[in-house]
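The lines below spell out each chain.
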Amino acid sequence: MIHLLKNNYMSRKYITGMFFFFIAIVSIVLRLYKITAPIADWHSWRQSDTAAVARNYMKFGIDPLHPRYDDLSNIQSGFDNPEGYRMVEFPLYQIVGAYIGNAISSLPIEIILRILTAIASTITGLALGILILRRVGGIAGIATALMYAILPYSMYYGRTILPDPHAVMWAVGSLLLVDIGMTAVKKKWVYIVLGAFMAALAMLSKPVAAFLLLPIIGIVLSDKKKFGILLLYGVIAIVPLLLWRQWILKYPEGIAVYTWLFNANNIRFKGAWFHWLFAERIAKLMLGYWGMILFGFGLIAPIKKEQKGLLFWFIIGSLAYMVILAAGNVQHDYYQIIILPVVSMLIGIGIEYVWKLKTIFSKFILGISIVFMCMFSFSCTKFIHGLR
């Protein structure tokens, strides 16, 4: 009997692994679309600035503490910037790209950076799927990874030259490692400390990744006695960011003006804020209207008590992010890359919920929703982002 159960467990594990392998292949293939195209698509100005840092590292030498780009004007910071300093997020992404570019000089740096983003996006989807599989269920986990792989919004931004997908990768990886560590019998602290270092890399890559890391509260504080773990995690995660912020204050000419991101024109909670974020961005651009059906089922799906903390803080983090950086989220649709894991997660949970209803009608609604979601979302992404 025990032998039979063990065989069944290994069989399910093998099948699940094959699903994730297939999803990884699909994710990579989709993100290689027009990989050699010039940087002339949506948000080309932001992508060009990011690529310029890596290109200048290859040209002048890799100096992590002095990233430079090609804009010498005072437009970004209000100060003349003759050295072209780019003192925003820590340029980890560009440093890796520059090292690879120096090693493979025949490959343009733009292609290298896009490939790195495609890999980061694929890893994010797999890590998120495994996290949801552990916390919610097998179908939800596989569906979450699949949605992250095939949603047109994710496909597009999963191949752009931006630091945001890399910050998301480090953040989701951090949550997964700590979740594994909290239940591990051996090497518990190895997982937790590695997870904390990944959180540090996430916030160095993009400080707003802190909102995506809030679920660590639900993972760790299921037992109040584990507050010390959360404290250690927080210190390791935050100190590098504070040191970096302190360093870049020496170069104000390289720090882009950012106060407008919070509430320019007092847009927070205005009708335009609700319309642009919840109607235009989430419902239309990310979910193609029809995905709202599965998204809604994901919100109402019954969840076990021990799993609610993780999902609660995922949702709270996303809402807090959109509320606090209200103007930035309305102005730029790439800001929603940070909430993409939460959107994919809720769709994945919704898919599992509808699948388990076990009626022909529910299966029909499930299939139609997924197909139409991808169709309409791709149509919006194609014309808005220039994927032609």
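Predicted, not measured: the structure shown is a model, and the values here were computed from it.

1. Some thoughts on the overall build of the chain
- Secondary structure assignment for the chain yields 18 helices and 0 strands.
- Relative to the compact-globule value of 21 Å for 388 residues, the chain shows a C-alpha radius of gyration of 21 Å, a close match.
- In terms of overall dimensions, the chain has a C-alpha envelope of 70 × 50 × 45 Å along the principal axes.
- Across the chain, the 35 positively charged side chains and the 17 negatively charged ones have centroids separated by 14 Å.

2. Observations regarding the packing of aromatic side chains
- For the coordinates displayed, the defined rule picks out 17 aromatic pairs.
- Each ring, one from Trp 247 and one from Tyr 251, has its centre 5.6 Å from the other, and the planes form 55°; the classification is tilted.
- Taking the relative accessible area as the measure of exposure, Tyr 251 reaches 14% and is therefore buried.
- Through a chain of ring-to-ring contacts, three or more aromatic side chains come together here, namely Phe 269, Trp 273, Phe 274 and Phe 278.
- Between the NZ or CZ atom of Arg 86 and the centre of the ring of Tyr 69, over which it lies, the distance is 4.9 Å.
- For Lys 363, the ring lying beneath its charged end belongs to Trp 355, and the centroid distance is 5.0 Å.

3. Here we look at helix H14 (residues 291–300)
- The complete set of buried residues in H14 reads Gly 291, Leu 294, Phe 295 and Gly 298. Here the buried residues of H14 occupy an arc of 105° about the axis, which is enough to place them on one side.

4. Examining unusual backbone geometry
- Here the phi dihedral of Lys 34 falls at roughly 50°; this positive angle occurs in a residue that is not glycine.
- With a phi close to 55°, Lys 187 is a non-glycine residue in the positive phi region.
- Along the chain, the position of Lys 187 falls in the loop between helix H7 (164–183) and helix H8 (188–205).
- Look at Lys 187 and you get exposed, because its relative accessible area is 63%.

5. Details of the packing of helix H2 (residues 44–60) against helix H3 (residues 92–103)
- Relative to each other, H2 and H3 sit at 45°, their axes nearing to 8 Å. Taken together, the axes of H2 and H3 lie oblique to each other. Relative to H3, H2 is oriented so that their crossing is right-handed. Across the interface between the two elements, Thr 50, Val 53, Ala 54, Tyr 57 and Met 58 of H2 pack against Tyr 93, Gln 94, Ile 95, Ala 98, Gly 101 and Asn 102 of H3.
- Of the residues contributing to the contact of H2 with H3, the split by class is 7 nonpolar, 4 polar and no charged.

6. Observations regarding the side chain of Asp 179
- Locating Asp 179 in the fold gives a position in helix H7.
- There is a polar contact of 2.7 Å between the side chain of Asp 179 and the side chain of Arg 134.

7. Some details on the packing of H8 against helix H11 (residues 227–248)
- Relative to each other, H8 and H11 sit at 30°, their axes nearing to 8 Å. Looking at the two axes, H8 sits roughly parallel to H11. Our pair here, H8 against H11, has a crossing hand that is right-handed. The residues of H11 that touch H8, namely those facing Lys 188, Trp 189, Ile 192, Val 193, Gly 195, Ala 196, Phe 197, Ala 199, Ala 200, Met 203 and Leu 204, are Ile 229, Leu 232, Tyr 233, Ile 236, Ala 237, Ile 238, Pro 240, Leu 241 and Trp 244.
- For the contact of H8 with H11, the class distribution of residues is 18 nonpolar, 1 polar and 1 charged.

8. Focus: the pattern of salt bridges
- Under the counting rule described, the total for this entry stands at 10 salt bridges.
- Note that Arg 55 and Asp 70 form a salt bridge whose closest N and O atoms lie 3.6 Å from each other. A residue pair is termed long-range when its members are at least 10 positions apart, and Arg 55 in helix H2 and Asp 70 in the loop between H2 and H3 qualify at 15 residues.
- Asp 179 serves as the salt-bridge partner of Arg 135, at 2.7 Å between the closest nitrogen and oxygen. Highlighted residues: Arg 135 in helix H4 (residues 109–135) and Asp 179 in helix H7, separated in sequence by 44 residues.

Calculation notes
Residue numbers here run from 1 along each chain, matching the order of that chain's written sequence. Whole-chain, interface and lining totals are the exception, using all residues; otherwise, since this is a predicted model, local features are given only for residues with pLDDT of at least 70 and side-chain atom pairs are given and counted only at 80 or more. Excluded from the side-chain calculations are hydrogens and water; all other atoms, namely the structure's heavy atoms, are used. The helix and strand labels rest on DSSP assignments: H or I over at least four residues marks a helix, E over at least two residues marks a strand, and numbering proceeds from the N terminus. Both definitions apply: the radius of gyration is a C-alpha atom measure, and the globule rule equals 2.2 Å times residues to the power 0.38. Charge counting follows a simple rule: Lys and Arg are positive, Asp and Glu are negative, and His as well as the terminal groups are ignored. For this purpose, a charge sits on NZ of Lys, CZ of Arg, CG of Asp or CD of Glu. Stacked, edge-to-face and tilted are the three classes for Phe, Tyr and Trp ring pairs, Trp counted by its six-membered ring, which pair at centre distances within 6.5 Å; planes under 30 degrees apart are stacked, over 60 edge-to-face, the rest tilted. Relative accessibility thresholds used throughout: buried, under 20% of the residue-type maximum; exposed, over 50%; partly exposed, between the two (1.4 Å probe, protein chains only). The rule for a charge over a ring is simple: NZ of Lys or CZ of Arg within 6 Å of the ring centre, and within 35 degrees of the ring normal. Taking the helix axis as origin, the arc is that swept by the directions to the C-beta atoms. Only the stretch in contact is used when a helix axis is fitted, and all axes are lines through C-alpha atoms; the angle between N-to-C directions ranges over 0 to 180 degrees. Small angles under 35 degrees read as roughly parallel and large ones over 145 as roughly antiparallel, with 65 to 115 read as roughly perpendicular and the rest as oblique. Here a crossing is called left-handed whenever its near helix is offset anticlockwise from the far helix by less than a right angle, and right-handed whenever the offset is clockwise. Contacts are residue-level and defined by heavy atoms, with any inter-residue pair within 4.5 Å sufficient. Side-chain classes follow a simple rule in which Ala, Val, Leu, Ile, Met, Phe, Trp, Tyr, Cys and Pro form the nonpolar group, Asp, Glu, Lys and Arg form the charged group, and the remainder, Gly included, forms the polar group. Side-chain atoms alone can form a polar contact between residues adjacent in sequence; in general such a contact is a pair of N or O atoms within 3.5 Å, and within protein one must be able to donate a hydrogen while the other accepts it. Counted as salt bridges are all cases of a side-chain nitrogen of Lys or Arg within 4 Å of a carboxyl oxygen of Asp or Glu.

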